[in-house]
Amino acid sequence: MDIMHFTAVTLGEAIRRKELTAVDAVKAVWKEIQAKNPAINAYITLNEEEAYKQAENVQKQIDAGTLSSPLAGVPIAIKDNICTKDLRTTCASKILGDFEPPYEATVIQKLKAAGAIILGKLNMDEFAMGSTTETSYYGATKNPWNQSKVPGGSSGGAAAAVAANMAVCALGSDTGGSIRQPASYCGVTGLKPTYGTVSRYGLIAYASSLDQIGPLAKDVRDCAAILDCICGSDPYDGTSLHLPKAEYAANLSKDIKGMRVALPVQCFEKGLSEDVKSRVLAVAQNLKEQGAIVEEVPLPFLDYVIPTYYIIAAAEASSNLSRFDGVKYGFRAKDYDGLTEMYSATRSEGFGAEVKKRILLGTFVLSSGYYDAYYRKALQVKAFIKQHFDQIFEKYDAILSPVAPTTAPKLGESLADPLKMYLSDVYTVSVNLAGLPGLSVPCGFDRDGMPVGAQLIGAALGEQKILNLGYAYQSTTDFHTMFPEVK
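The text that follows walks through the structure, step by step, so that each part is easy to find.

Thresholds applied
Residues numbered from 1 in each chain as written. Predicted model: local features only at pLDDT ≥ 70, side-chain atom pairs only at ≥ 80, totals over all residues. Heavy atoms only, no water. Helix = DSSP H or I, 4+ residues; strand = E, 2+ residues; numbered from the N terminus. Rg over C-alpha atoms; globule rule 2.2 N^0.38 Å. Buried < 20%, exposed > 50% of the residue type's maximum accessible area, 1.4 Å probe, protein only. Contact = heavy atoms within 4.5 Å. Expected span 1.5 Å × (residues − 1). Bend = angle between axes of the 7 residues up to and from the residue. Polar contact = N/O pair within 3.5 Å; in protein donor to acceptor, adjacent residues only side chain to side chain. Salt bridge = Lys/Arg side-chain N within 4 Å of Asp/Glu carboxyl O.

### Thoughts on the overall build of the protein
Phase 1 of the analysis: Helix and strand content of the protein: 16 helices and 11 strands.
Phase 2 of the analysis: For 487 residues, the compact-globule formula gives about 23 Å, and the C-alpha radius of gyration of the protein, at 21 Å, lands near that figure.
Phase 3 of the analysis: The principal-axis extents of the C-alpha atoms in the protein amount to approximately 65 × 55 × 45 Å.
Phase 4 of the analysis: The buried share among the 487 residues of the protein stands at 62%.
Phase 5 of the analysis: Counted over contacts in the protein with a minimum sequence separation of 6, partners at least 24 positions apart contribute 76%.

### Overview of helix α2 (residues 22–40)
Phase 1 of the analysis: With 19 residues, α2 should cover 27 Å at 1.5 Å per step; its first-to-last C-alpha distance of 25 Å lies within 8% of that length.
Phase 2 of the analysis: Along its length, α2 shows its largest kink, about 35°, at Q34, and proline P38 lies within four residues downstream of that point.
Phase 3 of the analysis: Every buried residue belonging to α2 is among A22, V23, A25, V26, A28, V29, W30, E32, I33, K36, N37 and I40, and all of these are buried.
Phase 4 of the analysis: Residues of α2 that are buried sit in contact with α1 (8–16), β1 (43–46), α3 (48–64), β2 (75–79), β3 (117–122) and α5 (156–163).

### Thoughts on unusual backbone geometry
With the exception of glycine, most residues fall at negative phi, and the peptide bonds are largely trans.
Phase 1 of the analysis: With an omega dihedral of 5°, the bond running from G153 to S154 counts as a cis peptide bond.
Phase 2 of the analysis: If you trace the backbone, S154 turns up in the loop between β3 and α5.
Phase 3 of the analysis: With phi around 50°, F127 is a residue other than glycine that occupies positive phi space.
Phase 4 of the analysis: As for its position among the elements, F127 is in the loop between β3 and α5.
Phase 5 of the analysis: Its relative accessible area of 2% is what places F127 among the buried residues.
Phase 6 of the analysis: Notably, A128 is not glycine yet its phi reads approximately 65°, a positive angle.
Phase 7 of the analysis: Positionally, A128 belongs in the loop between β3 and α5.

### Re the side chain of T45
Phase 1 of the analysis: When you line up the elements, T45 lands in strand β1.
Phase 2 of the analysis: For T45, a relative accessible area of 11% corresponds to the buried category.
Phase 3 of the analysis: Only 3.1 Å separates the side chain of T45 from the side chain of R88, close enough to count as a polar contact.
Phase 4 of the analysis: Leaving out residues up to four positions away in the same chain, T45 has contacts with L87, R88, G120 and K121.

### Focus: the pattern of salt bridges
Phase 1 of the analysis: The final tally for this structure, using the stated rule, is 17 salt bridges.
Phase 2 of the analysis: Of the charged contacts in the structure, one is a salt bridge between R260 and E295, with a shortest N-O distance of 3.1 Å. One end of the pair, R260, is in strand β7 (residues 260–264); the other, E295, is in strand β8 (residues 293–297), with 35 residues separating them in the sequence.
Phase 3 of the analysis: Since its relative accessible area comes to 28%, E295 is described here as partly exposed.

Structure below.
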């Protein structure tokens, strides 16, 4: 029995049937981590001793019949911007290099209560600022399908860990595509929930109005089960939504007859790789064959989403990152004269180049004389984008688009051309601007053998519809069952 072929749900079922134990599951994953992480660099901090303790405790509860969650005994890895009590949380930055949070993020509390076992903290772009996981202070993560290429970002460590079987599933965060894009590049399934569906308490903020925690896993069923576990209102997060008890996994259905899917014309025009285009259009054909109605629609705002996103995200980042000053926690520069110089030296030495760039941009667009010209205008465009999505969803159940214009680029290419890196988010950022759910599902490979992902976008709180479409697609294809051999 190869434990690493299990999905999170099937592994949990096997543990409850006593075919194996939670300790067996941790041992199997740990063997993969030891063999592969030196090459892939998906993890920043490992939690081996505590993971085995958690596994033993969870197994006792399962044996006693007091724990029956679908995720009980399942090893999960966590992006390094989600706070884990007494386990180092760095945001892949020097400035938080030794930070051990004194509290637990709400999603971590929920996972532990369900019996999931925390393996460690995953590599990412520094403070989630990047699309390649190359801006990490701890070095770039490599794509398991081809180690000369990036895994995507900023949740690249999460996608790479799941693809390389170094985690059964993972939690990431998505500010402008940071779950969906690496899921696409690494050939795994990733879900960005509706804004407010999952508590952000304990998520170290990049852009508070855009950030959302979500799962990366082997298939849609796993994503639904994890979402069931982590969603719900939270008194510690005023933006969390009060919703009925989630049953996304229980309500998964392969019957998509009559569902209406919009195909945005502009997403299939200039700048899109032919390999990606053909694979995503094949998804449309698959859904048609299963009874869905697929029709083309205009998406007139596509040219404006990147500048709108980066203005708003950088502005919020400028504000959110002001707390990292060397006074309360984290890194502090050694050589300085006075408080002002300590602030300056700490931030200059502690932040990487990409983070500094976005702080400067955000400070600029919020400054007197430029606020109306940039930030206020970006908010107006954001409202227009949301309004246009609402019009589409009056007629359609979901939107189908590419996740990214190309498959994974080579390491170093995007950092050498930052504009190209920013443009790789062109199909994903509008989902965050409008607060909508988005799902990335593997849909094939390009001519070089690199994974391609298709994106399904739903109306606000429309997770069930896009999960059902993804579930129906995966029930008739096997791309989500293919994983690379890592040497």
